[in-house]
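# Secondary and tertiary structure notes
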Amino acid sequence: MSRQLRHIPQGGVPAEADSLAGAQKASLHPLTRLHHFWYTPKVAKEACAGRGPILHVVFFRTQAGNEPVRQWLKGMEREERKILGEDVKTAQYGWPLGMPLIRKLETGLWEVRSHLPQGIARVLFTVSEGTMVLLHGFVKKSQKTPPEELRTARQRLAALREER
């Protein structure tokens, strides 16, 4: 029995890869391994269907008992909270992920990158023992992550490590 090679379109995804089963079949095709698949929320939702979360998500809590990221989220519009929640959930169920949703900032510190109607939001987090700890959240106003926002996340990460 001879094996026929199919043409794979420019994007690298054969037509039957629209579903999870199709993607699994397509990954068996020898040419598919040559193509880089970009992360998309649709793919992540399908890939995670029917299985539990990889990470447990918690908010960082100060010694005074405050949860700064939760308070920040409560101050946002409902639509913005929903977008951020979906992005954090995608990271929770699909970990480890990379760009464009997740970017590693430094050892032990990552960011969830969310595009909101009013700007670009970031949630800085760490992962420890199967737990995603949301350390700091902010809306970006410039291209680069502001140093004071990074400093806040580092201080909370240090406090978390001292606690454990």
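Scope of this entry: the structure provided in the associated data block. (Residues numbered from 1 in each chain as written. Predicted model: local features only at pLDDT ≥ 70, side-chain atom pairs only at ≥ 80, totals over all residues. Heavy atoms only, no water.)

### Section: the packing of aromatic side chains
Inspection of every chain in the model, using the stated rule, returns three aromatic pairs. Look at W95 and F125: their rings are 5.8 Å apart centre to centre, the planes differ by 75°, and that puts the pair in the edge-to-face class. Here F125 lies in strand 4 (residues 119–128) and W95 lies in the loop between helix 4 (78–94) and strand 2 (102–106), a separation of 30 residues in the sequence. Judged by relative accessible area, which is 15%, W95 ranks as buried. Look at F125 and you get buried, because its relative accessible area is 0%. In this structure an aromatic cluster arises from ring pairing among W95, W110 and F125. (Phe/Tyr/Trp six-rings, centres within 6.5 Å; stacked < 30°, edge-to-face > 60°. Helix = DSSP H or I, 4+ residues; strand = E, 2+ residues; numbered from the N terminus. Buried < 20%, exposed > 50% of the residue type's maximum accessible area, 1.4 Å probe, protein only.)

### Thoughts on the environment of G108
Residue position: G108 is located in the loop between strand 2 and strand 3 (109–116). For the pair G108 and V127, spaced 19 residues apart in sequence, the C-alpha separation works out to 6.9 Å.

### A few points about the sheet that holds strand 5 (residues 131–140)
One key point about sheets: their strands pair by backbone hydrogen bonds, in either a parallel or an antiparallel sense. Spatially, 1-5-4-3-2 is the arrangement adopted by the five strands of the open sheet, whose pairing is mixed. Unpaired on one side and paired on the other, strand 1 (56–59) and strand 2 mark the two borders of the sheet. Between one strand axis and the next, the sheet turns through 35° on average, direction left out of account. Pairing of strand 4 with strand 5, which is carried by nine bridges, proceeds in the antiparallel orientation. Directly across from A121, in strand 5, lies its bridge partner V139. Packing against the sheet, helix 4 makes contact with strand 1, strand 2, strand 3, strand 4 and strand 5, and its axis sits at approximately 140° to strand 3. Contacting strand 2, strand 3, strand 4 and strand 5, helix 5 (residues 147–163) crosses the sheet at an angle of about 160° to strand 5. (Pairing = 2+ DSSP bridges. Axes fitted to C-alpha atoms, helices over the stretch in contact; angles between N-to-C directions. Contact = heavy atoms within 4.5 Å.)

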